[in-house]
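The primary structure of each chain is shown beneath.
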Amino acid sequence: MTTAFALDLGGLPVAGLRAGTPGGLPVLALHGWLDNAASFLPLAGHLPELDWALLDLPGHGLSGHLPADAAYTMPQAIAQTLAIMDALGWARCVLLGHSMGAAIASLTAAVAPQRVRALVCIEALGGLAAPADETVTRLRAHLAALAALGDKQLRVFADLAAPVRARMQANQLSESSARLLVERGVRPVAGGWSWCSDPRLMLPTAVRMTEPQVRDVVAAIECPAQVIYATPAQAYFPEPERSQRAALLRRGRLHTLPGHHHLHMDQPAAVATLVREFLSSGDVA
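Figured I'd write up the structure that's included with this text. (Residues numbered from 1 in each chain as written. Predicted model: local features only at pLDDT ≥ 70, side-chain atom pairs only at ≥ 80, totals over all residues. Heavy atoms only, no water.)

## Concerning the pairing of strand 5 (residues 93-98)
Then comes step 1: Within strand 5, six of the six residues are buried, leaving the element largely enclosed by the surrounding structure.
Then comes step 2: When strand 3 (residues 26-30) meets strand 5, the two strands line up parallel, connected through four bridges. The residue bridging valine 27 from the neighbouring strand is valine 94, located in strand 5.
Then comes step 3: As judged from the six bridges shared by strand 5 and strand 6 (residues 116-122), these two strands associate in the parallel manner. Its bridge partner being in strand 6, cysteine 93 is matched across the sheet by valine 116.
Then comes step 4: In the classification by handedness, the crossover that spans strand 5, the intervening helix 3 (residues 100-111) and the parallel strand 6 is right-handed. (Buried < 20%, exposed > 50% of the residue type's maximum accessible area, 1.4 Å probe, protein only. Helix = DSSP H or I, 4+ residues; strand = E, 2+ residues; numbered from the N terminus. Pairing = 2+ DSSP bridges. Right-handed = clockwise from strand over helix to strand, strands pointing away.)

Structure, rendered in structure tokens:
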């Protein structure tokens, strides 16, 4: 059975879903960019023995948006992840993330090793990197987009069919997977429905770590780690970089599965088999 929960992080409301078996191995699931907690419902359904907390990260789904003077950054996301664990009463847990959520999870595991029992990363490991000589260009693009944000109007959909099609086309998702994300990712407005995610999430990232910095973080992860990549590789995270990062893990496993970026949604049984084998191994237990 799945139940809703809500947390208050210093005035910031954070929403989520609980699933699985209370008292089982605690797993905090962090979704990808512009997704929400429903991203993990198919996977959680195949792993009912775990105690799942599926989050809507701040700015996504039913969670609140950051204040106007606060930015969405990786350090902020790490701090919020630890605060959410505290609010759940979990001193240690498994962090399981997809895409952006996997980046947050892997950085959290590196900087707070005492809090992370094991790490499962799907379609990312460490954050997106950029060359140092792109720094000024990125800052300029971010500030220009931020200045123009106030003039943009939110798109309104007459019904849910259009946003479901948009997610299917953008992410190669099945209709059922796209609908899961859309139903939790929109809100009713005059004339229909609009995305409820914070429009600032669409801004170009102001600052990214360089690849050597990301690799330094990945190499610092102490806990057992399972990395699952879709094959062929996505353009944003190509070979050989993604395999080279996985090779830096001290206690890491790497598996690839034929599929697309959201393989945990459209192929949950295959992903669940890998996760169960990993979490039941002597290394984790």
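Next, the rest of the story.
## Concerning the sheet that holds strand 1 (residues 3-9)
Then comes step 1: Across the sheet, eight strands lie side by side as 1-2-4-3-5-6-9-10; this open sheet has mixed pairing. The open sheet has two free edges, formed respectively by strand 1 and strand 10 (252-258), since each of these has just one partner strand. In this sheet, adjacent strand axes meet at a mean angle of 20 degrees when their direction is disregarded.
Then comes step 2: In the sheet, strand 9 (residues 225-231) pairs with strand 10 via seven bridges, with the strands oriented parallel. Looking at strand 10, one finds that alanine 225 is bridged to glycine 252. (Axes fitted to C-alpha atoms, helices over the stretch in contact; angles between N-to-C directions.)

## With respect to the nonpolar core
Then comes step 1: Of all hydrophobic cores here, the largest spans 43 residues; its most connected members are Leu28, Leu55, Ile84, Leu88, Leu119 and Leu125.
Then comes step 2: Excluding residues within four positions of it along the chain, leucine 125 makes contact with Ser106, Val214, Val218, Val227, Tyr229, Phe237, Arg245, Ala246 and Leu249.
Then comes step 3: Core analysis: the next-biggest nonpolar cluster, separate from the first, contains 29 residues, Leu17, Ala37, Trp52 and Leu274 among them. (Core = buried A, V, L, I, M, F, W, Y, C linked by side-chain atoms within 4.5 Å. Contact = heavy atoms within 4.5 Å.)

## Notes on the environment of alanine 220
Then comes step 1: Its place among the elements puts alanine 220 in the loop between helix 7 (211-219) and strand 9.
Then comes step 2: In this structure, the C-alpha to C-alpha distance between alanine 220 and serine 106, residues 114 residues apart in sequence, is 9.8 Å.
Then comes step 3: Residues in contact with alanine 220, not counting those within four places in the same chain, are Ala110 and Arg250.

## Brief notes about the packing of helix 2 (residues 74-88) against helix 3
Then comes step 1: Look at helix 2 against helix 3: their axes get within 9 Å of each other, and the N-to-C directions meet at 75 degrees. Between helix 2 and helix 3, the angle is such that the two are roughly perpendicular. Residues Met74, Ala77, Ile78, Thr81 and Leu82 of helix 2 lie in contact with helix 3, whose contacting residues are Met100, Ala103, Ile104, Leu107, Thr108 and Val111.
Then comes step 2: Considered class by class, the residues forming the contact of helix 2 with helix 3 number nine nonpolar, two polar and no charged. (Parallel < 35°, antiparallel > 145°, perpendicular 65-115°, else oblique. Nonpolar A, V, L, I, M, F, W, Y, C, P; charged D, E, K, R; others polar.)

## Comments concerning the environment of arginine 155
Then comes step 1: Within the secondary structure, arginine 155 sits in the loop between helix 4 (135-148) and helix 5 (161-171).
Then comes step 2: A residue is classified by how much of its surface remains accessible, and arginine 155, at 57% relative accessible area, is exposed.
Then comes step 3: The sequence separation of arginine 155 and tryptophan 193 amounts to 38 residues, and the corresponding C-alpha distance is 8.4 Å.
Then comes step 4: Among residues more than four places away in sequence, those in contact with arginine 155 are Trp193 and Ser194.

## Let's talk about unusual backbone geometry
Then comes step 1: Cis peptide bonds are those with omega within 30 degrees of zero, and the linkage from threonine 231 to proline 232 qualifies with 5 degrees.
Then comes step 2: Turning to its location among the elements, proline 232 is positioned in the loop between strand 9 and helix 8 (241-247).
Then comes step 3: With omega at 5 degrees, the peptide bond leading from glutamate 239 into proline 240 counts as cis.
Then comes step 4: Notably, glutamine 172 is not glycine yet its phi reads approximately 55 degrees, a positive angle.

## A look at the packing of helix 5 against helix 6 (residues 175-185)
Geometry of a packed helix pair, given as the angle between the helix axes and the separation of the axes.
Then comes step 1: Closest axis-to-axis distance for the helix 5/helix 6 pair is 9 Å, and the angle between their directions is 120 degrees. By the angle between their axes, helix 5 is oblique relative to helix 6. In terms of crossing hand, the pair formed by helix 5 and helix 6 is right-handed. Contacts between helix 5 and helix 6 involve Pro163, Val164, Arg167 and Met168 on the former and, on the latter, Glu175, Ala178, Arg179, Leu181 and Val182.
Then comes step 2: Split by residue class, the contact of helix 5 with helix 6 holds six nonpolar, no polar and three charged. (Left-handed = near helix turned anticlockwise from the far one by under 90°.)

## Overview of the pattern of salt bridges
Then comes step 1: Using the criterion set out here, one finds 13 salt bridges in the structure.
Then comes step 2: Of the charged contacts, one joins arginine 167 and aspartate 35 as a salt bridge, the two residues approaching to 2.6 Å between their closest N and O atoms. Remark: aspartate 35 occurs in the loop between strand 3 and helix 1 (41-46) and arginine 167 occurs in helix 5; sequence separation between them is 132 residues.
Then comes step 3: One network of salt bridges, with partners in common, ties together Glu123, Glu239 and Arg242. (Salt bridge = Lys/Arg side-chain N within 4 Å of Asp/Glu carboxyl O.)

Everything listed here is a matter of geometry and, on its own, says nothing about what the molecule does.
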